[in-house]
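Architecture at a glance
Each chain, written out:
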Amino acid sequence: MMSSSTGSTWTSIACAGSCVSSLVLSVSVGAVAQAASSEAPNRAASSEILFKGALIGSAIGANDTRLLPLNQTPARVHATNLCLFATTPNLINGCVTLRISATNTIIPMPLFTIGISHHTAPIEIREKVAIPRTEFKQRIGDLCALPGIEEVLILGTCNRTEIYCLSSDGGQQTVTEWIHRTNDIPEGELDAHIYIHQGEETARHLVRVASGLDSLVLGETQILGQLKDAWQQAHEAGSLGKVLDRLFQHTFAAAKTIRTSSGISEHPVSVAYTAVVLARQIFGDLKSQTVVLVGAGEMVQLCGRYLVDHGIDKLLILNRSRAKAEEIAGELNATAMTLDRLDEALPRADILISSTASPQPVILRKDIKAALRKRRHRPMFLVDIAVPRDIEPQISKLNDVYLFTIDDLQQVVDENMQQRSQAAQTAQASVDESVAGFMRWLYGMRASRTLKRIREQSHEFERDLTERALNRLEAGQEPGKVLNQLASTLTNKILHLPSKRLREAAEEQDYEVLKAADRIFRRETGEDGD
């Protein structure tokens, strides 16, 4: 315990685990103080302090103190790159005083994910960073060429773009800069929309994504197939190593178990299904409507199946590849057309759902205006579930047109959320259990690597000193002295580096290292000590 110059008492906050990405503690004295755990290995790293999302100061080195403005709204103080010891706030002239200490640093976890999703960015931002499937291999190669990046996987869907990495040298900032640079976006413009997870939180986020707990439509099943496709792409590109491969294989098994045990995927709901539900809410009975589906991907196929289930029998499938259009049309008892016949199909479309991989809009304002004239301005319901968008946004301003994008589906999604919230709560316990299992494997692997290095170094000392001892014996030196010198030198060599590191930890007041060393080297017969 420590006392401030004003007599207030400070209480240390211990971080649970060695790879916590954000430890939050609420303190109620008219404010909420929150402390975050360290991600930097250096004791004297710099730190930014945010107050209600705004940068209000920084800290360099240990024992730096800042006064933070306080108002009636609970405040969030988040510091990175330093271990925080935050405590009972000391109110001085309407301010909260936080004491920052860098004495307990935490080794950064090399596993991380960086992403943008519907939770953090509107479609206008998401489409700027969307990565076409045809470019996955090239982008993976570019990422693998970045300094320190060892393993890479890219996940790209309508609602999220995420990059999973294993890095030997940080890497988060390097990948963030790469995202800006590759998409010709000014540096820092995406900072408010990008999220970063490290270590355990990366595994937790991935399991939640795979289980449908992070989807626009809670519990939707399509994302698991998209993750498997992303894994296959990375596998073919040769960018998967032992860690990411194990993480994704573990996640696939966990997601299947979670969906089954929680019931969250009963009566499957996806973005495609939501589009159909929205059409039904507008038109009522869909049996008399003509539907045009543009594209031939999984999303379009799902829409087609749901529409057939709702009684649609006038269904047109448009695609650049006639063979693919005919394949889907045959399954759905629909009519296949090539995309160059779009002008012919549009006047017949009461409902149009588009999801292609085109980087530019395929349905233009002039096309819809022409179709409306031929329809004598009978309403058209258009749903654009592509990223980047297939339908020009200006079309929404035309009379007799109802245009919905992926973001507009949120209203329908909200209606489904309440029904599945209980299942999601049940699923969370299974997510935690799954993440814990993966982290045990990951830490076990890291421990094995450390043990391997220790053994290799020890055996190197052993071989070198044994050779010297044998040479001395052959030279006629007294065996007892040779053996004593061998044992003494071997002991000193093995203990030299650990002893040096412990002395450094003591000088830096790094309690966690001292505590770990005490636990590792304590005799199993039992000794007193903390």
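These numbers come from a predicted model, not from an experiment. (Residues numbered from 1 in each chain as written. Predicted model: local features only at pLDDT ≥ 70, side-chain atom pairs only at ≥ 80, totals over all residues. Heavy atoms only, no water.)

Bringing a positive patch on the surface into the picture now. Together, Arg 365, Lys 369, Arg 373, Lys 374 and Lys 397 make up a region of like positive charge exposed at the surface. Positionally, Arg 373 belongs in helix H11 (residues 365–374). Look at Arg 373 and you get exposed, because its relative accessible area is 55%. (Patch = residues over 30% accessible without salt bridge, like charges linked within 9 Å, V, L, I, M, F, W, Y side chains within 5 Å. Areas by Shrake-Rupley, 256 points an atom, 1.4 Å probe, with all protein chains shown as cover. Salt bridge = Lys/Arg side-chain N within 4 Å of Asp/Glu carboxyl O. Lys, Arg positive; Asp, Glu negative; His and termini not counted. Charge placed at Lys NZ, Arg CZ, Asp CG, Glu CD. Helix = DSSP H or I, 4+ residues; strand = E, 2+ residues; numbered from the N terminus. Buried < 20%, exposed > 50% of the residue type's maximum accessible area, 1.4 Å probe, protein only.)

Before going further, it helps to spend a moment on the packing of aromatic side chains. Across all of its chains, the model carries five aromatic pairs by this definition. Ring geometry for Phe 248 and Phe 252: centres 6.2 Å apart, planes at 70 degrees, overall edge-to-face. Taken together, the positions of Phe 248 and Phe 252, both in helix H6 (residues 242–262) and four residues apart, correspond to about one turn of that helix. A residue is classified by how much of its surface remains accessible, and Phe 248, at 0% relative accessible area, is buried. (Phe/Tyr/Trp six-rings, centres within 6.5 Å; stacked < 30°, edge-to-face > 60°.)

A word on the nonpolar core. Counting 59 residues, the largest nonpolar core has Leu 153, Ile 163, Val 175, Leu 227, Phe 248 and Phe 438 as the members making the most contacts within it. By residue number, the principal contributor to this core is helix H12 (residues 410–474), which donates ten residues. Non-local contacts of Phe 438, meaning those with residues more than four positions away in its chain, are made with Leu 111, Ala 203, Val 243, Arg 246, Leu 247 and His 250. Among the nonpolar cores identified, the runner-up in size contains 38 residues, and Leu 286, Leu 302, Ile 317 and Ile 406 belong to it. (Core = buried A, V, L, I, M, F, W, Y, C linked by side-chain atoms within 4.5 Å. Contact = heavy atoms within 4.5 Å.)

Let us now look at H6. Because the α-helix completes a turn every 3.6 residues, residues three or four places apart line up on one side. Its 21 residues give H6 an end-to-end C-alpha distance of 30 Å, which sits within 8% of 30 Å, the value for a rise of 1.5 Å per residue. Of the residues making up H6, those classed as buried are Val 243, Leu 244, Leu 247, Phe 248, Thr 251, Phe 252, Ala 254, Ala 255, Ile 258, Arg 259 and Ser 262. A positive backbone phi angle near 75 degrees is found at Gly 263, which sits one or two residues after H6. (Expected span 1.5 Å × (residues − 1).)

Our focus in this paragraph is the side chain of Arg 259. Note on placement: Arg 259 falls in helix H6. Buried Arg 259, no salt bridge; nearest opposite-charge side chain is Glu 220, N-O distance 5.9 Å. There is a polar contact of 3.1 Å between the side chain of Arg 259 and the backbone oxygen of Gly 219. Discounting residues that sit within four places of it in the chain, Arg 259 has contacts with Ala 210, Ser 211, Gly 212, Gly 219, Glu 220, Thr 221, Ile 223, Leu 224, Ile 264 and Ser 265. (Polar contact = N/O pair within 3.5 Å; in protein donor to acceptor, adjacent residues only side chain to side chain.)

Quick look at the pattern of salt bridges now. For the structure shown, the criterion picks out 19 salt bridges. With a closest N to O distance of 2.5 Å, Arg 204 and Asp 432 form a salt bridge. With a gap of 228 residues between them, Arg 204 in helix H4 (residues 200–210) and Asp 432 in helix H12 connect regions that are remote in the sequence. Its relative accessible area of 17% is what places Arg 204 among the buried residues. In this structure Asp 432 comes out as partly exposed when scored by relative accessible area, which is 36%. Between Glu 504 and Arg 501 there is a salt bridge, with the nearest N and O atoms lying 3.6 Å from each other. Of this pair, Glu 504 and Arg 501 both sit in helix H13 (residues 479–507), separated by three residues, roughly a single helical turn. The class for Glu 504 is partly exposed, based on a relative accessible area of 31%. Its relative accessible area of 42% is what places Arg 501 among the partly exposed residues.

What follows is about the environment of Asp 245. Checked against the element boundaries, Asp 245 lands in helix H6. Measuring from C-alpha to C-alpha, the distance between Asp 245 and Ala 234 comes to 9.4 Å, with eleven residues separating the pair along the chain. Discounting residues that sit within four places of it in the chain, Asp 245 has contacts with Glu 151, Trp 231 and Leu 240.

With that out of the way, let us pick up the sheet that holds strand E14 (residues 314–319). If you trace the six strands from one edge of the open sheet to the other, you get E15-E14-E13-E16-E17-E18, paired in parallel fashion. The open sheet is flanked by strand E15 (335–338) and strand E18 (401–405), the only strands paired with a single partner. Strand-to-strand twist across the sheet, computed as the mean angle between neighbouring axes with direction ignored, equals 15 degrees. Relative to strand E17 (residues 380–384), strand E16 (residues 351–354) runs parallel, the two sharing four bridges. Bridging from a neighbouring strand, Ile 351 pairs with Phe 381 of E17. The sheet contacts of helix H7 (residues 271–283) involve E16, E17 and E18, and relative to E17 the element is tilted by about 165 degrees. Sheet strands in contact with helix H8 (residues 298–309) are strand E13 (290–294), E14 and E16, and its direction is about 165 degrees off that of E13. (Pairing = 2+ DSSP bridges. Axes fitted to C-alpha atoms, helices over the stretch in contact; angles between N-to-C directions.)

Looking now at the sheet that holds strand E12 (residues 195–198). Strand order in the open sheet made by the four strands is E10-E11-E9-E12, with antiparallel pairing throughout. Each of the sheet's edge strands pairs with one partner strand only, and the pair in question is strand E10 (149–156) and E12. For this sheet the average axis-to-axis angle between neighbouring strands, irrespective of direction, equals 15 degrees. Bridging between strand E9 (residues 111–117) and E12 involves four bridges; their strand directions are antiparallel. Bridging across to E12, Thr 113 finds its partner in His 197.

Okay, unusual backbone geometry next. Trans is the common state for peptide bonds, and a negative phi is the common state for residues other than glycine. Backbone torsion omega between Val 387 and Pro 388 reads 0 degrees, so that peptide bond is classified as cis. Along the chain, the position of Pro 388 falls in the loop between E17 and E18. Here Arg 376, not a glycine, exhibits a phi torsion of approximately 55 degrees, which is positive. Following the sequence through the fold, Arg 376 ends up in the loop between H11 and E17. The backbone of Asp 400 shows a phi angle near 70 degrees, a positive value even though the residue is not glycine. Checked against the element boundaries, Asp 400 lands in the loop between E17 and E18. Look at Asp 400 and you get partly exposed, because its relative accessible area is 30%.

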